[in-house]
Structure formats: C-alpha cells, structure tokens
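Per-entry structural report
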Amino acid sequence: MNTSTKFPPAQPLSLAAPEIHAVPDDGTAWINIYRILLRRSALIGGLILLICLLALPAILATHKVYYAGMRVLASPAPALSLTAGLDGRQVSFDLNSEVERILSRDVADAVIRQFDLDQREEFNRALESSDGLLHRMAASLRSALTGGGDDAAGGEDGADQVARAFAKVLSVTRPSGNNVISIGFVSRDPVLAAEVPQAVADTYIAQRTARWQSEIGETAAWLEKRLVFERAYVTQIRSDLEAFLRGEESGGGATEEAASNLLMAIQGRQADLAQQSFEITNNRRSIKEALENPESTALAEPSALVALRQDLKSEVRELERLTLVYGENHETVMRRMARVAEMRVDIHKALLAYDRALEQRDAAILVELERLAIGSEDAQKRLSAIQIATPRIKEQTELLQAREQSLADLEHRKQLLMSQARLAPVSLEVLTPATVPLDPLGPGRKIYLLGTALGALLISLLIAAIAELRDKGIRSHEQLTHLPQLSPVGLWSELTPEQRASMASDLGARATTPHAENLRDMLMLMESASGDRLPQVLTVCALREQDMTLPVAEWIAIEIAATGRQVQLIETSPPVVADITPDSPIEELHPQPRHGVMRRYLSDLARQCDEDISVALHEVIEDAEFEKVFTIVNAPPLLGPGAIRYLRLGGPVLVVLRWGHTPRNVVELAAGLLTKLSVPQAFSLIVGVIPGKHRRYGFTDRHTVAPSAHRQRASWHPDLRRRLGLDAFHPDSQQEDKG
C-alpha cells in the first residue's frame, strides 16, 4: 500500500539563550558557589594535597637563620674634605659606587678566607650530606624550581659556589637618601652573623686604601711621562711659531680690515653699475616697443620728448574737431594732418636719438665693470693672503698658550697627588654596631606550610573555575528550556555492567527494576505527548557516536514486545555474520526473534530496492503500518554523514544525550536541524547520569529533589537488602561512590 506522508510546516527556531530575569538577592549566588565548590571538591582537595606534598621537602629542608646588621656613615676622608677648594680642587664622592665596591668579589673572597666560610655546609653544598630521602627530594624540588640552576652551578669551581652563596646572604643597602649604609648578613650561626658585617667594613676600608695608594703611584708615574712629553711639545710649538712670523709676508702693508673695506667698495660699485645696466636694458626694450607702436611711450623719456608727445595729443584733438566741422577735404584740415605727421616723425627721431644715447651709456658701463672685476680679483687675492696668514698665527699662538696651561696643570696635579698618597679616601663612621641576634629570621615551617596551602587553595580555585567554565556538557533537561522542540522524556542513571547485561531479560520478564521502570515511564511520556498512543514509528538516534552508550532502541523494542504487541527493530548498521554472501536470500539473514522482537537489517532490505535506502525504509514502514506493527529504527548518529534521511520517516525522533558529554551547542545544532526537516515530534533522553554528582548541580528533577529514598534503602539491614535484590540493580549503590 502506497500512502503519502504529510509533514507539518517548519516552525521558526530560536536558539537564543533564555532571558535572564532579575533575581532578588536571596542567597542563590552563594548557594551556586557552594555547589560549584562541592562539585569540584575532589579536584580542589587533590591539587592542594599535591602542591603541599611537592613543597613539603623544601619546607622541611629549611634551617633557622639569623640576621645581624650595622649602620655606618660613609663620607670622604676628613683631610680631603678640609683641604677641598683651597686650590680649586673639589672632592667627588659617589655613594652608589662605594656600595658596589663593598659588594665586590675581592671583599667577599677576603671575608670568606677570614672566617673559613668554604668549610661550612651553608656556603659550600659540596659538604652537605647526600644521604636521606628528604634531602634528595628537597634537592630535586630545588632543581625543578630554579630551572636546573644548581646543576649548572655544579660546573663551577668551589670558590665560585661559595662566593655566590655568600653574596646571596650579604645585603648592603641605603635605607634613606643620606650617606648612611646598612650592612647585614644572614647565617645559621648567630655569632657569625654578627661578626661578618664589621669584617666586611674593615676589609672594604683596607682594600680601598691599598687600591687608592696603588692608583696614586701609577698615576704619578704616568704624569711624569706626560710632563716630559708636554715640555718637549711646547718647545717645538714655540720654535715653529717664531719661524713662521719671521718668514711670513705682511701682505703689502695692508691689514685685513683695509683689504676687506676695499673689496666691499668695489663690490658695491659693481652692484650699482649692474643695476644701471639693467635699467638701460629695460629702457631700450621700451623704446623698441614705442617705435613699433607710436601710441605707447618709453620708460624715462626726456622732457623734450614728453613735451612733443603732449603737443601731438593737442594737435590730434584739434584735427578731430576740425574734421567734424569741415570734413577731411578742407584745406585747414589738410594742413593739420600734415602737421600731425611731421610731429610723429619728430617723435620717432627723438626715440632713435634717445636709444643711441642709452647704447653709448651701456657700453661705458660694461668697460667700467671689466675694470672693477680686475680690481676685485686683486683685492680678493690680497685679502685671502692676509686671511690665510692670520688664522695660522692665531692658531699657533692659542695652541702654545693651551699647551703651556696644560703643562702647568699637570705639574700642579702631580704635586697634589703626591700630597694625598698617605691619606685614606673614604671614612666609615659606625652608627649602630652589629650585635648577636637572639631570634631567628623569618617564619617557621608551619607558616610556610600554611602559606603553601593558601597558595595551593587559590590555584586550585582558579583551576576549578576554569574547569567549570569549560564544562559545556548537558546534564539536565532544564538546560534545554530554550529549545521547545525537544520534549524531555527521561533521565537515566548510569548502569553497571551487570545491570546492563540483565536489562533485556528484565524487560522481557516484565521485572520491576528501577531502570526498567525508567524506560516504561519514558514510553508513557511519549504516549501522553502523542495523544495517549504509542507512535507507530519511532526513530532512535544519538547526536554523536560516542553518546550512544546504551542500546536504547533495542530495549524499547523489547519492552513493547513484552506487552504483547508486534514490533520490529530496524538496524542501520550491517549484521555481524561470518557466512553472509551477496546471493543469500533475505530470509536466511534474519536471526530468530529474540525477546519477541523482529530484528531487520537495513543493508539486507536495501538489496531488494536497488540499494535505495530511503525507498526500502518507506516500504518497510508502510507494510508495518498496514500490519499494525510497531517499528523502531536504530538510526546512526544524527550529525553523521547520511543520517538525515532517517529523520524523514514520518514518526517522532528520540534523541539520546549523554550526561556531561554531549555539548550544548551540538544539541542546539541538532534542534535546529530537526526543525528545518519538519520532524513532527522530537524527544530527548539523557543517559549515563551519576546521581552523586548530579545532585550537586541543583536541578529540580527526581535525582536531585528526592535523594532520601537511597538513604532510606542504604540504612536497611544487609540481609533485607539482599533478599529484596536492591544491591543487584539499584544504580545509586555503586554510582554514589563514583560521584
């Protein structure tokens, strides 16, 4: 029988998160924080314990140490300070440099030799005993924390290791902005801690004085060599200057100022003549234009030419007036016209004469410019000779004076150095001497352990918060309230291997185990959502392959068959049979019905329809509907390739979600896909719930709000529990420990 399946129109899908309404401050936030801490208590406690155990060897390996310090006032030597300024000399004193000298390696080596610090275990690790588990653990932890620094230090010799350990416990600081220096030392021996600061100060003064005297001796020897060279150099400069003055020309008796004034006068005259030549050129250009155009005038015309032009204008006006009165052929007009022509000829001749005069003037200017150029060249040569000689004389004189002054300074500096040879450069005045400390420095081991625990707590809380933020798995239907197309039908606890193996037989025998009752409740919810009747066709699928941890489709088919109804289970995966051949009839491929369920494989059915899976499915379902047989389709993962075709069978879809593993975004994607495919109804089932952990999320389902049943059964006598069979199937009996 061929019937067409009608699908309802697609409904708009909203994947937006549910609206967040303002919640009164009733302590819900603190309850949520408490639940997060409760969920992650194992992680937090484990991290705290691990960090404390890792830090315990280092804490136990710590020793009591004592600190002693002294304060000194550092200043230049009194003799140097009192004589400063008498001869122009100023005393320079850099306290930062002196602090660095106190911390120098030479001072450290001298103090180490004085107290035999290389024979103490706290400074020479080669003397430490390597026996004992605690020591090895502390050494390993120290190597891990320092990044292998101790192993790298093993390549150094013993002196370097002792000096490095000594520098770590020696402190030289400036507690304020004045010249006060604080010298402190930390040691396991309180007496040694009090003696080392004074020894450091004394060693510094002794080495500073010895180095000062050595530097003065070396400087005096260098100054003596420099004085010999300077005296010879001054004598040579003086001889060269005298020879140059005797052989140098005076430059014709003229001074540099006179030669410069003469050159400036010549250059000024040249500039004036050049300006006049430029003006003549412009005037001649305007004369040329006036000759071509009688109506235009030339630049700077003579007064006679200007008067002639004015007379011409008057004659032209009179001619125009007479022409208007008598006409052009009148005798008077003819005479006036001849007069105007004569005047224009006169103007033309005057312009030519003016042009010749300017031409002669321009030629005279050019001759004078040539003469001035020769004179300027001579003046420049004379001035250059004087300028070349003057700087050289001045330079030689200044060099001689500078060298004589340098020679005098060197002699004075040598005398000053020799007078300071016996003086100490620095004075240290003890303000507060070092005393033997009575109390150890720093906190004890308990404080270290407490601090480590607090730090581990903060780290573990941070890691727990990150883990909570990264947890996007679905654990309850309450997290899917913004997806109304998914109707919740069940929340199953995780099954033990024994419970999973006996589930099929329990369903076939209609046993009242909790898990069997959960499956029956799910079917009842499906019937209620489908008009109090079980769907004739039900497609069961997970979103991902790893989410289908239970044979839900098979169990549903067994439960329906146990009620006396006919049911067939269509497996989309191929059968696992060794002797199957392509020519085997389909009847031979069907195993005997198990628990009353007829199991059929899609690969076998597709061979009858030319390998067309969709046609095979629709034919099987149509036959089942005609024969009133319930069809359960065990579909592949919904988001897998080729799985969409199984959603177009016309019946509802049961989506199986795995507790804590199926991501929320995957569920939202699947819900949108179901809506686009116009699936008539979709149900959601969450499997693999761990009740002990589930109660810590604060959901309002049966696993959370009714935990007293398990507690009540747990309080029963073991014999009673064994007779009732609770230990065999109750999920919380074993999953609570897992939580």
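Residues numbered from 1 in each chain as written. Predicted model: local features only at pLDDT ≥ 70, side-chain atom pairs only at ≥ 80, totals over all residues. Heavy atoms only, no water.

Some thoughts on the overall build of the protein
- Looking only at helices and strands, one finds 26 helices and 11 strands in the protein.
- Burial analysis of the protein (739 residues in total) assigns 35% to the buried set.
- Of all intrachain contacts in the protein linking residues separated by at least 6 positions in sequence, the fraction that spans at least 24 positions is 80%.
- Summing over all exposed atoms, the protein offers an accessible surface of approximately 43,000 Å²; the carbon and sulfur share of this is 55%. (Helix = DSSP H or I, 4+ residues; strand = E, 2+ residues; numbered from the N terminus. Buried < 20%, exposed > 50% of the residue type's maximum accessible area, 1.4 Å probe, protein only. Contact = heavy atoms within 4.5 Å. Areas by Shrake-Rupley, 256 points an atom, 1.4 Å probe, with all protein chains shown as cover.)

Topic: the pairing of strand E2 (residues 170-173)
- Side chains of E2 alternate between two faces, with Leu170 and Val172 buried and Ser171 and Thr173 left unburied.
- Sheet analysis places E2 next to strand E3 (residues 180-187), joined by 4 bridges and oriented antiparallel. What sits directly across from Val172, in E3, is Ile183.
- What sits between the antiparallel neighbours E2 and E3 is a turn of 6 residues. (Pairing = 2+ DSSP bridges.)

Things to note about the pairing of strand E11 (residues 682-689)
- Of all 8 residues making up E11, 8 are buried, and the element is well covered by its neighbours.
- Across 6 bridges, the pairing between strand E5 (residues 486-493) and E11 is parallel. The residue bridging Gly490 from the neighbouring strand is Leu685, located in E11.
- Note: strand E10 (residues 653-658) against E11, 6 bridges, orientation parallel. If you follow Arg658 over to E11, its bridge partner there is Val687.
- Considered for its hand, the β-α-β crossover made up of E10, helix H20 (residues 664-676) and E11 is right-handed. (Right-handed = clockwise from strand over helix to strand, strands pointing away.)

Topic: the nonpolar core
- Counting 34 residues, the largest nonpolar core has Met522, Ile556, Ile632 and Leu654 as the members making the most contacts within it.
- If one sorts the elements of this core by residue count, helix H16 (residues 552-562) sits on top with 8 residues.
- Counting 33 residues, the second largest nonpolar core, distinct from the first, contains Leu491, Val653, Val655 and Val667. (Core = buried A, V, L, I, M, F, W, Y, C linked by side-chain atoms within 4.5 Å.)

Details of the packing of helix H14 (residues 497-508) against H16
- Relative orientation of the contacting elements H14 and H16 amounts to 25 degrees, with a least axis distance of 8 Å. Of the possible angle classes, the one that applies to H14 and H16 is roughly parallel. Seen from H14, the contacting residues are Arg500, Met503, Ala504, Leu507 and Gly508; seen from H16, they are Trp555, Ile558, Glu559 and Ala562.
- Looking at the contact of H14 with H16 residue by residue, the class counts come to 6 nonpolar, 1 polar and 2 charged. (Axes fitted to C-alpha atoms, helices over the stretch in contact; angles between N-to-C directions. Parallel < 35°, antiparallel > 145°, perpendicular 65-115°, else oblique. Nonpolar A, V, L, I, M, F, W, Y, C, P; charged D, E, K, R; others polar.)

Looking at the packing of aromatic side chains
- As enumerated under the stated definition, the model contains 4 aromatic pairs in all.
- With centroids separated by 6.0 Å and ring planes inclined at 20 degrees, the aromatic side chains of Phe123 and Phe185 adopt a geometry described as stacked. Residue Phe123 is found in the loop between helix H5 (105-115) and helix H6 (133-145), and its partner Phe185 is found in strand E3; the two are separated by 62 residues along the sequence.
- Residue Phe185 is classed as buried on the basis of its relative accessible area, which comes to 0%.
- Summarising the aromatic geometry, the rings of Phe229 and Tyr233 are spaced 6.1 Å apart at their centres and angled 10 degrees between planes, so their arrangement reads as stacked. Highlighted residues: Phe229 and Tyr233, both in helix H9 (residues 190-247), separated by 4 residues, approximately one helical turn.
- What makes Tyr233 partly exposed here is its relative accessible area of 29%.
- Put simply, the rings of Phe123, Phe166 and Phe185 touch in pairs and so form one group of aromatic residues.
- Over the aromatic face of Trp659 sits the side chain of Arg475, whose NZ or CZ is 4.9 Å from the ring centroid. (Phe/Tyr/Trp six-rings, centres within 6.5 Å; stacked < 30°, edge-to-face > 60°. Lys NZ or Arg CZ within 6 Å of the ring centre and 35° of its normal.)

Re the sheet that holds strand E9 (residues 630-634)
- Taken in spatial order, the 7 strands of this open sheet run E5-E11-E10-E6-E9-E7-E8, and their pairing is parallel. Each having just a single partner strand, E5 and strand E8 (598-601) make up the two edges of the open sheet. Neighbour-to-neighbour, the strand axes of the sheet open up by a mean angle of 20 degrees, direction not taken into account.
- Relative to E10, strand E6 (residues 537-542) is paired through 4 bridges, and the arrangement is parallel. Along E10, the bridge assignment pairs Val540 with Leu654.
- Contacts from helix H15 (residues 514-529) reach E5, E6, E10 and E11 within the one sheet, and its direction differs from that of E5 by about 175 degrees.

Examining the sheet that holds E2
- The strand order across the open sheet built from 4 strands is E2-E3-E1-E4, with neighbouring strands paired in antiparallel fashion. Edge strands, defined here as strands with exactly one partner in the open sheet, are E2 and strand E4 (426-432). Put simply, the sheet's adjacent strands are angled 25 degrees from each other on average, direction ignored.
- Packed onto the sheet, helix H4 (residues 95-102) meets strand E1 (66-76), E2, E3 and E4 and runs at close to 20 degrees relative to E3.

Brief notes about the pattern of salt bridges
- Taken as a whole and assessed by the stated rule, the structure comprises 25 salt bridges.
- Arg40 is paired through a salt bridge with Glu468; the nearest N and O atoms lie 2.9 Å apart. Taken together, the positions of Arg40 in the loop between helix H1 (28-39) and helix H2 (41-60) and Glu468 in helix H13 (residues 445-470) put the pair 428 residues apart, joining distant regions of the chain.
- The buried category is assigned to Arg40, whose relative accessible area is 18%.
- According to the relative accessible area criterion, Glu468 is buried, its value standing at 16%. (Salt bridge = Lys/Arg side-chain N within 4 Å of Asp/Glu carboxyl O.)

Let's talk about the environment of Leu383
- Summarising the element assignment, Leu383 is placed in helix H12 (residues 331-419).
- Residue Leu383 is classed as buried on the basis of its relative accessible area, which comes to 9%.
- As a C-alpha pair, Leu383 and Ala258 span 125 residues in sequence and 8.9 Å in three-dimensional space.

Thoughts on the environment of Gly455
- Looking at the element boundaries, Gly455 is found in helix H13.
- Sequence separation of Gly455 and Cys52 is 403 residues, and the distance between their C-alpha atoms is 9.6 Å.

Considering H2
- Here H2 spans 27 Å end to end across 20 residues, near enough to the 28 Å set by a 1.5 Å rise per residue.
- The sharpest bend along H2 measures roughly 30 degrees and falls at Leu54, with the proline Pro57 sitting one to four residues further on.
- Of the positions making up H2, those classed as buried are Ile44, Leu47, Cys52, Ala55, Pro57 and Ile59. (Expected span 1.5 Å × (residues − 1). Bend = angle between axes of the 7 residues up to and from the residue.)

Geometry only, nothing functional implied.
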